[in-house]
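# Geometric and topological summary
As a plain string of letters, each chain reads:
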Amino acid sequence: MVTSPSPDAVTEPVLARNALAMRDDRALCALDVRLDYFEVQARTGRGRGRLPVVTVKQVESLNGDYRQYLGLTSHQGSAAFIGGGPARLRSGSSLAGIGPEERRELLAALVAEAVDRAAQTSDAVLSPFLTSTDLPAYLDAAPSAALREHGVWCTLEIGGATGMEEFLQRLPAKRRRHWIRDIREAEELGLEHDVVPFSDEVVAEAAAGIASVSQRNDMNESPDVVRWRIGNYRRRPGKHFFVRTRWQGRVIAHMLCRMFDDTMDAHTLGILDTPGLDRGAVYHFGCLLGPLRAAIERGAHRLELGIGHDSPKLRRGCTGEAVHFADLLPAR
């Protein structure tokens, strides 16, 4: 189910995601010389807010696939991302000491100031990963914004279940049947998971599989570029690790993961082609069942599965939040 949360009913998990997105963007910009980071701040009564802005100094410095994904294929020069977003592919903000009814007003004020500041120095002012929760406030500040849907952010609520059986029992029957089929298929094939920290050997092994998946999706990403991305990722907030898929004693897939507070992120799957084994079964285990088991083992309350391939995630009980690309000053 894809939802469009009311800005007057923002939940604690949404606030936590927004705060992590800010921290992640700040860390990413410190690691990548092509990016700059600043924040705008505002107060209203007892409320206080911060909004990140990430600037791409030269859009041409990004590779073609990434530019296309960010919606920047027709842009040149510099681009400012209001609300950030390149780290987690999700906009962020920090709003504290304020009631839900005032949140939209404060966020709109922050967006208006950020757009004004960014327009002075950037050739484009955008928000490429704007969540439905924040969309109304952005439109208040930039009513002429041009929008298109970018994807669906998927989250699986675990609620601190202590085991797979407890988790399954909380699901509606239709959702539960998909997981039961996944579990049965994994048992028949002999698929298992383990969790390992980052090491040079494991990163090199994972990079080959991630590059292979990227190339199958028409993205020209080499193992060397993947290793560089993982190297930066491990220096960003959270505890990082791989959830690996094993078959007959061999490692055949890696999922890049991290824990942050009570949330586990799982994204960027790498699969090593294995003759005699259905790739779809490996995908469902490596992307969904293996990470879910690892999240339950770690006491996570939710599993963030991010943007992309949302249909199988939604069928298994994820909530989905639409994410939009917004050109905030389209007439410039």
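It should be noted that the structure appears before, not after, this text.
Scope of this entry: the structure provided in the associated data block. Predicted model only: the values in this text are computed from it and were never measured.

Of regular secondary structure, the protein possesses ten helices and 13 strands. The C-alpha radius of gyration computed for the protein amounts to 20 Å, which stays within 12% of the reference 20 Å derived for 332 residues, consistent with globular compactness. By its C-alpha atoms, the protein is 60 × 40 × 30 Å across when sized along the principal axes. Relative to its 332 residues, the protein shows a buried fraction of 54%. Carbon and sulfur atoms form 48% of the exposed surface of the protein, whose accessible area is close to 14600 Å². Both charge centroids of the protein, one from 42 positive and one from 43 negative side chains, sit 2 Å from each other.

Taken as a whole and judged by the stated rule, the model has two aromatic pairs. Between Phe167 and Trp179, the aromatic rings sit 6.1 Å apart at their centres with planes inclined by 80°, giving edge-to-face as the arrangement. On the criterion of sequence distance, the pair formed by Phe167 in helix 5 (residues 164–169) and Trp179 in helix 6 (residues 173–189) is long-range, its members being twelve residues apart. Taken individually, Phe167 and Trp179 each receive the classification buried, so the pair is uniform in this respect. Here Phe198 and Phe242 contribute two aromatic rings whose centre-to-centre distance is 4.6 Å and whose plane-to-plane angle is 35°, an arrangement assigned as tilted. On the criterion of sequence distance, the pair formed by Phe198 in the loop between strand 8 (191–196) and helix 7 (200–216) and Phe242 in strand 9 (residues 239–247) is long-range, its members being 44 residues apart. As far as burial versus exposure is concerned, Phe198 and Phe242 are alike and both buried. Positioned above the aromatic ring of Trp153 is the side chain of Arg90, whose terminal nitrogen or guanidinium carbon lies 5.2 Å from the ring centre.

A word on the side chain of Thr133. Of note, Thr133 is situated in the loop between strand 6 (124–131) and helix 4 (135–141). In terms of polar contacts, Thr133 uses its side chain to reach the side chain of Glu321, at 2.5 Å.

So, on to the environment of Gly84. Within the fold, Gly84 resides in the loop between strand 4 (79–82) and strand 5 (94–96). Take Gly84: its relative accessible area is 0%, and that puts it in the buried class. Taking the C-alpha atoms as reference points, Gly84 and Gly238, separated by 154 residues in sequence, lie 19 Å from one another.

All chains considered together, the criterion is met by 22 salt bridges. Between Glu297 and Arg298 there is a salt bridge, with the nearest N and O atoms lying 3.5 Å from each other. With relative accessibility at 35%, the residue Arg298 sits in the partly exposed group. Connected through shared salt-bridge partners, Asp24, Arg88, Arg236, Arg258 and Asp265 make up one network.

All buried positions along helix 8 (residues 223–233) are accounted for by Val226, Ile230, Asn232 and Tyr233. Seen from one end, helix 8 has its buried residues packed into an arc of 160°, which puts them on one side.

In the structure shown here, the tally under the stated rule is zero disulfides. Cys154 forms no disulfide, and the closest cysteine sulfur to it belongs to Cys318, at a distance of 5.2 Å. On the basis of relative accessibility, which here comes to 0%, the residue Cys154 falls in the buried class. The exposure class assigned to Cys318 is buried, which follows from its relative accessible area of 4%.

In terms of backbone geometry, most residues other than glycine have negative phi values and most peptide bonds are trans. With a phi close to 60°, Leu89 is a non-glycine residue in the positive phi region. Among the secondary structure elements, Leu89 is positioned in the loop between strand 4 and strand 5. The class for Leu89 is partly exposed, based on a relative accessible area of 22%. Residues other than glycine seldom take positive phi values, yet Asp261 does so here, at roughly 55°. Among the structural elements, Asp261 can be located in the loop between strand 10 (250–260) and strand 11 (263–271). Classification of Asp261 as exposed rests on a relative accessible area of 68%.

Moving on to the pairing of strand 4. Across the two faces of strand 4 the burial is the same, with Ala79 and Phe81 and Ala80 and Ile82 all buried. Summarising the sheet, strand 3 (residues 47–56) and strand 4 pair through four bridges and their orientation is antiparallel. Bridge pairing links Val56 to Ala79 in strand 4. As paired elements, strand 4 and strand 6 share three bridges and run parallel to each other. The partner of Ala79 across the bridge, within strand 6, is Ala124.

The rules behind each value
Residues numbered from 1 in each chain as written. Predicted model: local features only at pLDDT ≥ 70, side-chain atom pairs only at ≥ 80, totals over all residues. Heavy atoms only, no water. Helix = DSSP H or I, 4+ residues; strand = E, 2+ residues; numbered from the N terminus. Rg over C-alpha atoms; globule rule 2.2 N^0.38 Å. Buried < 20%, exposed > 50% of the residue type's maximum accessible area, 1.4 Å probe, protein only. Areas by Shrake-Rupley, 256 points an atom, 1.4 Å probe, with all protein chains shown as cover. Lys, Arg positive; Asp, Glu negative; His and termini not counted. Charge placed at Lys NZ, Arg CZ, Asp CG, Glu CD. Phe/Tyr/Trp six-rings, centres within 6.5 Å; stacked < 30°, edge-to-face > 60°. Lys NZ or Arg CZ within 6 Å of the ring centre and 35° of its normal. Polar contact = N/O pair within 3.5 Å; in protein donor to acceptor, adjacent residues only side chain to side chain. Salt bridge = Lys/Arg side-chain N within 4 Å of Asp/Glu carboxyl O. Arc of directions from axis to C-beta. Disulfide = S-S within 2.5 Å. Pairing = 2+ DSSP bridges.

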